[in-house]
Amino acid sequence: MTQAITDEAACPLCDGTGWILVEESGVEMARRCECAEARLRERSVTRAGIPDRYRHCTLDDFELWNPEDPTLGKSLRVVQEFVDLYPNVDKGLVLMGPVGTGKTHLAVAALQQILREKRPPVHGRFADFTSLVLEIQMTFDGSGSSREILRPLVECDVLVLDELGAGKTTPWVMDLLYYLVNTRYLENRLTIFTTNYSDFPKKTGEESLTDRVSQRIRSRLWEMCRRIELRGRDYRAERLAAREGGLNR
Ligand SMILES: Nc1ncnc2c1ncn2[C@@H]1O[C@H](COP(=O)(O)OP(=O)(O)O)[C@@H](O)[C@H]1O
Ligand SMILES: [Mg+2]
Ligand SMILES: [Zn+2]
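Residues numbered from 1 in each chain as written. Chains lettered and ligands numbered in written order. Predicted model: local features only at pLDDT ≥ 70, side-chain atom pairs only at ≥ 80, totals over all residues.

(A) Layout of the site of ligand 1. Gly102, Lys103, Thr104, His105 and Tyr235 are the nearest of the 16 residues found near ligand 1. Among the elements of the structure, helix 4 (103-117) and helix 10 (235-248) are those that each provide at least two residues to the shell around ligand 1. For the shell around ligand 1, the leading source of residues is helix 4, giving three residues. Class assignment of the residues belonging to the shell around ligand 1 gives a composition of six nonpolar, six polar and four charged. (Near = placed C-beta within 6 Å. Helix = DSSP H or I, 4+ residues; strand = E, 2+ residues; numbered from the N terminus. Nonpolar A, V, L, I, M, F, W, Y, C, P; charged D, E, K, R; others polar.)

(B) Molecular detail of the sheet that holds strand 6 (residues 190-195). Here five strands make up an open sheet; going across it, the order is 4-5-6-3-7 and the pairing parallel. Only two strands of the sheet have a single partner each, and these edge strands are strand 4 (124-128) and strand 7 (225-229). Direction aside, neighbouring strands of the sheet carry axes that sit 15° apart on average. Relative to strand 6, strand 3 (residues 92-96) runs parallel, the two sharing four bridges. What sits directly across from Leu95, in strand 6, is Thr194. On top of the sheet, helix 9 (residues 215-224) reaches strand 3, strand 6 and strand 7; it is set at about 95° to strand 7, its chief contact. (Pairing = 2+ DSSP bridges. Axes fitted to C-alpha atoms, helices over the stretch in contact; angles between N-to-C directions. Contact = placed C-beta atoms within 7 Å.)

(C) Molecular detail of the nonpolar core. Residues Leu95, Ala107, Val108, Ala110, Leu111 and Val160 are the most contacted members of the largest nonpolar core, which totals 46 residues. With eight residues, the top contributor of residues to this core is helix 4. What Leu95 contacts, discounting residues up to four positions off in sequence, is Ser75, Lys103, Leu106, Ala107, Phe193, Thr194, Ile228 and Leu230. (Core = buried A, V, L, I, M, F, W, Y, C linked by C-beta atoms within 7 Å. Buried ≥ 20, exposed ≤ 12 C-beta atoms within 10 Å, placed from the backbone.)

(D) Structural detail: the pairing of strand 4. Of all the five residues making up strand 4, four are buried; the element is thus mostly covered by neighbouring parts of the structure. Bridging between strand 4 and strand 5 (residues 158-162) involves five bridges; their strand directions are parallel. Across the sheet, residue Asp128 finds its bridge partner in strand 5, namely Asp162.

(E) Local environment of the environment of Thr183. As for its placement among the helices and strands, Thr183 is situated in helix 7 (residues 171-186). The class of Thr183 is partly exposed, set by 14 C-beta atoms lying within 10 Å. Considered as a pair, Thr183 and Val79 are 104 residues apart in the sequence and their alpha carbons are 23 Å apart.

(F) Expanded view of the packing of helix 6 (residues 146-155) against helix 7. For the pair helix 6 and helix 7, the least separation of the axes is 10 Å and the interaxial angle reads 30°. The orientation of helix 6 with respect to helix 7, classified from their angle, is roughly parallel. As helix 6 packs across helix 7, the resulting crossing turns out to be right-handed. Only Leu176, Leu180, Thr183 and Arg184 of helix 7 make contact with helix 6, whose side of the interface consists of Ser146, Leu150, Leu153 and Val154. (Parallel < 35°, antiparallel > 145°, perpendicular 65-115°, else oblique. Left-handed = near helix turned anticlockwise from the far one by under 90°.)

(G) Structural view of the domain arrangement of the protein. Once the domains are mapped, the protein shows domain 1 (2-37) and domain 2 (52-248). For domain 1 versus domain 2, the distance between C-alpha centres works out to 37 Å. (Domains from an automatic or database assignment.)

Right, dumping it as structure tokens:
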């Protein structure tokens, strides 16, 4: 439906002009057609920087595929509640858990639903931690543009920061990331983090989230977010493999 309505030529209400005539107390006035708003919303989704491979993600298609894993249903409930209550929520989310458990799926689904459904329109951004760190590092020549890179991420209403703690960072980059996280905290802006790191690594020698992002970022995180833990297994490895196996039979 969204598809048809965003196609200008197809809009039966306004003939593709984006405007409709309405009568108010006997006076004819021009008003924005709903298709124009739908187009603006789709544009805001496109501009959020969500990677193509996650564009399909919705909360409705998040499967509770493993009956032995209660964290699937619980995580979905908390994320759904966040979306339903938005903008009346005072904390963001941090989704923790091993690779492939659906953290990015849930984060992107929440962001897209908020961008599509909430009024007034919301400015949202998706940033992948590793790429962000690389981008910041490329500004190290002192051109001072690292703040420019961070500006849209600092200023947007909802930010998804994916894979917090991944890749290699330096103390200088950590300072800038702290600036990002802390400014959003101080200005009461909502952030959804995902991370593969936890506070209590299961294997000895494995780094904790604090090791990866420093104590001050980690403690800010707990102040500004509700924490969601996915403990289950890798959806890609198990569910998708099982499905392909089924197809081959
Ligand atoms: N419960 C689920 N229901 C439907 N798709 C899922 C589920 N969990 C993961 N996926 C899919 O599996 C892939 C890996 O999930 P992803 O969100 O990237 O995991 P993570 O970010 O935790 O590493 C994605 O394509 C995602 O859409
Ligand atoms: Mg991920
Ligand atoms: Zn229209």
